[in-house]
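# Coordinates in review
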Amino acid sequence: MDLKKLRFATRQIHAGLNAQEPTGSRGIAIYPTAAYRFKTCDYAANLFELSEPGNIYTRLQNPTTSAYEERVAALYGGVGAMALSSGMAALLVTFTSLASAGENIVASPFLYGGTYNQFRHTLRRLGIEVRIAAEATAESMGALIDDKTRAVFAESMGNPTCAVPDLESIASVAHAAGVPFVVDNTFGAGGYLCNPFDWGADIVVDSATKWINGHGTAMGGIIVDAGSFPWNNGKFPLIDGPSEGYHGLNLHETFGKAAFIVKCRVDGQRDLGTCPSAFDSYLMLLGLETLSLRVRHQVESTRRLAEYLKDNPKVKNVSYVGFPGHPSYENASKYFKFGASGVLNVELKGDVDTTVKFVEALELAAHMTMIGDSITVVTHPASTTHKQLSESDMLTAGVTPTLLRISLGLEDVEDIIADFEQAFEKTGL
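Here the residue index of a chain counts from 1 through its sequence in written order. With the structure being a predicted model, the display of local features is reserved for residues of pLDDT at least 70 and the display and counting of side-chain atom pairs for 80 or more, all residues being used for whole-chain, interface and lining totals. Side-chain metrics rest on all non-hydrogen atoms present in the structure, leaving aside hydrogens and water.

### Focus on the nonpolar core
How we decide: Throughout, nonpolar core names a set of buried Ala, Val, Leu, Ile, Met, Phe, Trp, Tyr and Cys residues whose side chains join them through atoms within 4.5 Å. Residue burial is assigned from relative accessible area. The probe radius is 1.4 Å, only protein chains are included, and a residue is buried under 20% of its type maximum, exposed over 50%, and partly exposed in between. Secondary structure follows DSSP: runs of H or I at least 4 residues long count as helices, runs of E at least 2 residues long count as strands, and numbering of each begins at the N terminus. Should any heavy atoms of two residues lie within 4.5 Å, those residues are counted as being in contact.
Tyr68, Phe181, Leu305, Leu309, Leu344 and Phe420 are the most contacted members of the largest nonpolar core, which has 81 residues in total. Ranked by residue count, the leading element in this core is helix H11 (residues 291–310), at seven residues. Non-local contacts of Tyr68, meaning those with residues more than four positions away in its chain, are made with Ala83, Ala208, Ile212, Gly221, Ile222, Ser281, Met284, Leu285 and Leu288. In terms of nonpolar packing, the next biggest core, distinct from the first, is built from 40 residues, Leu92, Tyr116, Ile132 and Ala258 among them.

Dropping the structure here:
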């Protein structure tokens, strides 16, 4: 069966399934194993020298996880995917596979707080500089690129600002400099709302904890390789050059278009140990089967809540990309299906204290650091996801003291609106 001929909703169910499974099982089995028996010593040697495919140790791969990876790669149209223990692990493996000490990454300013911290602190301690642009534009980001740059990075929709950069123009700037364009597509919902590969991205990272899982039951991240970048341009000797860990094996010559995702697995996953459990991969597979159905409902609910909040006298500002006045309206219309997502931001009237009281008065909507869940979540970034940032970095990321990030779940949106109404009354705004 040629998966490329199938539509998204079909691929999210059928990709990764084995119709020839000996037991006839409709579902994919969970393989709770750490290691695998080798048929012969020669077979084991071939596995370790990467000349034959197969399972060695679950830190590298697992049959349940492999099915999950195959499904996500099919949804994006990528040459391969690799599952990890979290979205932050996906970023770490991606950038340590691309850059070494003394090299740099150029990034958009509209970033998730955890990503900011990894860029500002952890990667810096590893000797990798991250240059954060003043604006999420091709011009601003391009001005920071030099001969030591090894990737350009942006979020397809900024967290929590919902700012949508011009992906196509940023991809052009990255490629003109001979480096890959990496996109965190968490808000793109597993490729359903936005597929950055359609607009020139070379690598996608995704916090699978969010829409891919969809039910808040598992932690995970995933890297997807488009197989589009020419790694033999002289800038990436760790991919197109002799590998010290594999007796001089050249990954690009051996694995061609899949060289980067292989690099992430055989070096990054091997050495950093950022693998998911087989059970978590199984939960991701279950979540994917209903991805498009869930996301459509959430997008519709988000629009309805945004319209309610827009006319509410207790709200200072509603930031929703589906409204024509939003700065990212045109980019969202271009890059996101339905021109919107399942998240919006509001700034309440009042101050930090009244904002906190409002959040704590909610009964249905949960106060968590989460998006893409089946439960509606309200987050106060200034006291949670971005609290570690300096005041200037917080403002650069678009986080103000009364800003709330709202991720719609699968409830009836009218019940969520009623919950907001009672919280406003209790708060006295």
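### Some remarks on the sheet that holds strand E10 (residues 315–319)
Let me state the cut-off plainly: For two strands to be treated as a pair, DSSP must find no fewer than two bridges joining them. Helix axes use the C-alpha atoms of the stretch in contact, all axes being lines fitted to C-alpha atoms, and the angles between their N-to-C directions lie in the range 0 to 180 degrees.
In space, the five strands of this open sheet follow the order E10-E11-E14-E13-E12, with mixed pairing throughout. Because the sheet does not close on itself, it has two edges, and the strands there are E10 and strand E12 (366–367). Of the strand pairs in this sheet, E12 and strand E13 (residues 377–379) are connected by two bridges, and their pairing is parallel. Counted as the bridge partner of Ala366 is Val377 from E13. On the sheet, H11 packs against E10, strand E11 (343–348) and strand E14 (403–407) and is oriented at approximately 15° with respect to E11.

### Some details on helix H7 (residues 167–176)
Put simply, the rule reads: An arc is given here, and it is the one of the directions from the helix axis to the C-beta atoms.
Along H7, the residues that are buried comprise Leu167, Ile170, Ala171 and Ala174. The buried residues of H7 occupy an angular sector of 105° when projected down its axis, which confines them to one face. At its buried positions, H7 is contacted by helix H6 (138–142), strand E4 (149–155), strand E5 (181–184) and helix H12 (329–335).

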